[in-house]
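Each chain, letter by letter, is given below.
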Amino acid sequence: MGQYWSLLDQYFPPKSNWSVDQIPDLTGRVVVVTGGNTGIGKETVKALLTHNAKVYLAARSRRKAEEAINDLEKQTGKSAIFLELDLASKAKIRKAAAEFLNKEKELHILFDNGGVMWPDHKELTTDGYDLQWGTNVVGHYLFTSLLLPALEAATHTSPDGKARVVVTSSSAAYLYTINWETFVPGPGRDKMSSFDLYSQSKFANVVFARELGRRYGAKNIVVTAVNPGNIRTDLQRNVSSIGRYILNLMLYPAPYGAITQLWAGTSSETADLNGKYLIPWARVGECRPEANDPELGQKLWEYFEQETKA
């Protein structure tokens, strides 16, 4: 029952004790936000620009990204930099990481924010993974691993001596664990709904964040996983109109969704929260117990390495 009470608390969180106004001056800090063209990602980029960070807005669509960049420039007077990133293609992820590393030697904060939710069951990535698994999980692992040299380098110039990785999960992480027979088309995946496949991917995000933090915390890379809250964004585009109406009764506007991950990425309060799971609004929480299993973290990491080796 404990995790269900925790879920209820996260569905209706208390007022935040932290706000984006408390973000310090980020002059000189380089940041990447995946999925930064819409929803929570766009609000995250907006707050970072407002506080003088150099922000790379990573997104698949150049048109949508440039529209977002132009809109944000009107709002903030600052311009984000477009980084073309398709998390559903390992080849394009490698290209995006190489492009970034050709321009920047340091990366102070990485927001692994992008993702897909509840697409048509038949949709797959370019490499043949279930779309949600490949995009939300494998894609972010590969992109993050390729940027580790820049994250390590940034620890030498960050004011607190640390770089940060913030992995956007979801309350859905409580609703499923990992079924190893469902990552590609087959009988195992056929038995799972798109809803369960999404929940699996969000649980795996938490396991990934904990394992990344375990492996790189000693190198001053602080890794957290975040439930941003129940937020009204473009992620609900695959939900029926009736479903969206019902969801909207319990969803918060997009700016709320950026609060916890901005706290994780920028606040001095979170500099020592490596491996933690953060919940709305700007609080430390606990995911389901299985997410803390070191053997599961090791197994997932070995899977990642096998799937992404060049």
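So, here's what we can say about the structure. (Residues numbered from 1 in each chain as written. Predicted model: local features only at pLDDT ≥ 70, side-chain atom pairs only at ≥ 80, totals over all residues. Heavy atoms only, no water.)

Turning our attention to the environment of Val206. Locating Val206 in the fold gives a position in helix α8 (residues 194-216). A sequence separation of 81 residues divides Val206 from Cys287, and the C-alpha atoms of the two residues are 7.8 Å apart. Not counting chain neighbours up to four residues away, the residues in contact with Val206 comprise Ser169, Ala173, Ala225, Tyr277, Cys287 and Ala291. (Helix = DSSP H or I, 4+ residues; strand = E, 2+ residues; numbered from the N terminus. Contact = heavy atoms within 4.5 Å.)

Right, let's talk about the nonpolar core for a bit. Phe100, Leu107, Trp133, Phe143 and Leu300 are the most contacted members of the largest nonpolar core, which has 53 residues in total. Counting residues per element, this core draws most heavily on α8, which supplies eight residues. Those residues in contact with Trp133, other than ones at most four positions away along the chain, are Val138, Phe183, Gln200, Ser201, Ala204, Leu300 and Tyr303. In terms of nonpolar packing, the next biggest core, distinct from the first, is built from 35 residues, Leu48, Val55, Ala68 and Ile231 among them. (Core = buried A, V, L, I, M, F, W, Y, C linked by side-chain atoms within 4.5 Å. Buried < 20%, exposed > 50% of the residue type's maximum accessible area, 1.4 Å probe, protein only.)

Moving on: empty space enclosed by the protein. The gaps left among the atoms become clear once a water-sized probe is rolled over them. Taken as a whole and judged by the stated rule, the model has one cavity of 30 Å³ or more. Volume-wise, the largest cavity comes out at about 40 Å³. Every residue along the wall of the largest cavity is listed here: Leu87, Ala88, Ser89, Lys90, Ile93, Thr125, Asp127, Tyr129, Gly134, Val138 and Gly139. For the lining of the largest cavity, the elements supplying multiple residues, two or more each, are α4 (90-103) and α5 (131-146). No other element matches α5, which puts three residues into the lining of the largest cavity. Here the residues of the lining of the largest cavity are counted per class, giving five nonpolar, four polar and two charged. (1 Å grid on protein atoms, 1.4 Å probe; cavity = no way out; pocket = protein on both sides within 12 Å on 5 of 7 lines; lining within 4 Å. Points joined across faces, edges and corners; volume = space filled by probe spheres on them. Nonpolar A, V, L, I, M, F, W, Y, C, P; charged D, E, K, R; others polar.)

A word on the sheet that holds strand β7 (residues 277-279). If you trace the eight strands from one edge of the open sheet to the other, you get β3-β2-β1-β4-β5-β6-β7-β8, paired in mixed fashion. Of all the strands in the sheet, the pair left with one neighbour each is β3 (81-84) and β8 (283-285). This sheet shows a mean twist of 25° between the axes of neighbouring strands, independent of strand direction. Judged from the six bridges that link them, strand β5 (residues 163-168) and strand β6 (residues 221-226) form a sheet pairing that is parallel. Counterpart to Val167 in the pairing with β6 is Ala225. (Pairing = 2+ DSSP bridges. Axes fitted to C-alpha atoms, helices over the stretch in contact; angles between N-to-C directions.)

Attention now moves to the layout of surface pockets. Reported here for the second largest pocket is a volume of approximately 170 Å³. Lining the second largest pocket are 14 residues, with Pro24, Arg29, Asp160, Arg164 and Thr266 positioned closest to its centre. Taken together, the residues of the lining of the second largest pocket sort by class into four nonpolar, six polar and four charged.

The tally for this structure, following the rule as stated, stands at 16 aromatic pairs. Geometrically, the ring pair formed by Trp180 and Phe183 is edge-to-face, given 5.7 Å between the ring centres and 65° between the ring planes. Take Trp180: its relative accessible area is 24%, and that puts it in the partly exposed class. Seen in terms of ring centroids, Phe208 and Trp301 are 6.3 Å apart; in terms of plane orientation they differ by 25°. Their pairing is stacked. You can see Phe208 sitting in helix α8 and its partner Trp301 sitting in helix α11 (residues 294-308), a full 93 residues away along the chain. Each member of the pair Phe208 and Trp301 is classed as buried. (Phe/Tyr/Trp six-rings, centres within 6.5 Å; stacked < 30°, edge-to-face > 60°.)

One face of the sheet, then the other: side chains in a regular strand alternate in exactly this way. Counted residue by residue, β5 has six buried out of six residues, so it is predominantly covered. Side chains Ala163, Val165 and Val167 project from β5 onto one buried face, and the interleaved Arg164, Val166 and Thr168 project onto a second face that is buried too. Pairing between strand β4 (residues 109-112) and β5: four bridges, direction parallel. Within β5, the position partnered with Asp112 by the bridge is Val167.

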